[in-house]
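One letter stands for each residue in the lines below.
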Amino acid sequence: APYLGSKVVSKKRFVLSAFQTDLANQTAVFLQNNMLGFRLIDTSFLPTQKASLYELKLSGISSKYDASWAYEYGSVSSVMCLGFMLQKEKVSGEYGIGTAASNGNNCFSMFMMMSMMQGRGVPGGQKNPSKLRRDLLLSGDEIGHVFSCMNWNLVNQTASFWMCEDVFEKFRAYRFRLIRTDGWFCLPHGDATLGDAKRID
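Residues numbered from 1 in each chain as written. Predicted model: local features only at pLDDT ≥ 70, side-chain atom pairs only at ≥ 80, totals over all residues. Heavy atoms only, no water.

Draft legend 1. Looking closely at the packing of aromatic side chains. One pass over the structure, following the stated rule, counts eight aromatic pairs. Aromatic side chains Phe161 and Phe176 sit 6.3 Å apart centroid to centroid with 25° between the ring planes, which places their arrangement in the stacked category. Of this pair, Phe161 sits in strand 7 (residues 158-164) while Phe176 sits in strand 8 (residues 175-180); the two residues are 15 residues apart in sequence, bridging distant segments of the chain. Ring-pair connections join several aromatic residues into one group, and the members of that group are Tyr54, Phe84, Phe147, Phe161, Phe168 and Phe176. (Phe/Tyr/Trp six-rings, centres within 6.5 Å; stacked < 30°, edge-to-face > 60°. Helix = DSSP H or I, 4+ residues; strand = E, 2+ residues; numbered from the N terminus.)

Right, here's the structure in full:
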């Protein structure tokens, strides 16, 4: 992806495999609901089984974050930026809130929102890019598979999402981790796998 830095035009190469499963899954969901034209898309690489609505109840939500902006859905500071990541191995701690994008300053929520959407700090001050964002772009799905389309219920602490059944079966043993896709970090909650989710449609 080209970018401008001072007076020099440079290029960076990013690995996007962490996001490909989500794109294929959502495209298949749209096609099944007649929201896209079949002739516009090569469907040979898409999931083929019916999309279903799943719900996963999470436990162990930390009281430190329970009523804070970190778990809120739809507030000005979240911009509906809650998603989840599926990881093959159980890993904890390395992508916590302390590794999120920041600049070390206290900012108004709108400025924080704008800065975090790019996984970077706010202009001015010390910029600290997100460790999770960096690792995903460098190593792709070796880190995990990111799914950005979900609904979060803070009161019931449940995540609901549409997923094709063949995708669900492929990743059912993977670890489920709630993430924010603005500051790019994992939220603390109890252990769960994708297979713990229940089909509700």
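Draft legend 2. Looking closely at the sheet that holds strand 10 (residues 198-199). The sheet built from four strands is open, its strands ordered 6-7-3-10 with antiparallel pairing. Only two strands of the sheet have a single neighbouring strand rather than two, namely strand 6 (151-153) and strand 10. Where strand 6 lies against strand 7, three bridges are found, and the strand directions are antiparallel. Among the inter-strand pairings, Asn153 is bridged to a residue of strand 7, identified as Thr158. Along the sheet, helix 1 (residues 17-32) makes contact with strand 3 (51-57) and strand 7, crossing strand 7 at roughly 75°. (Pairing = 2+ DSSP bridges. Contact = heavy atoms within 4.5 Å. Axes fitted to C-alpha atoms, helices over the stretch in contact; angles between N-to-C directions.)

Draft legend 3. Looking closely at the pattern of salt bridges. One pass over the full model with this rule turns up six salt bridges. The residue Glu169 makes a salt bridge to Arg172 at a minimum N-O spacing of 3.1 Å. For Arg172, a relative accessible area of 35% gives the class partly exposed. A salt bridge links Arg180 to Asp182, with the nearest nitrogen and oxygen atoms 2.6 Å apart. (Salt bridge = Lys/Arg side-chain N within 4 Å of Asp/Glu carboxyl O. Buried < 20%, exposed > 50% of the residue type's maximum accessible area, 1.4 Å probe, protein only.)

Draft legend 4. Broad picture of the pairing of strand 4 (residues 82-87). The element strand 4 is largely enclosed, with a buried count of six among its six residues. Across the two faces of strand 4 the burial is the same, with Leu82, Phe84 and Leu86 and Gly83, Met85 and Gln87 all buried. As defined by bridge partners, strand 4 adjoins strand 8 across six bridges and the pair is classed as antiparallel. Note that in strand 8 the partner of Leu82 across the bridge is Arg180. Pairing geometry for strand 4 and strand 5 (residues 145-147), over three bridges, is antiparallel. Paired with Met85 across the bridge in strand 5 is Val146.

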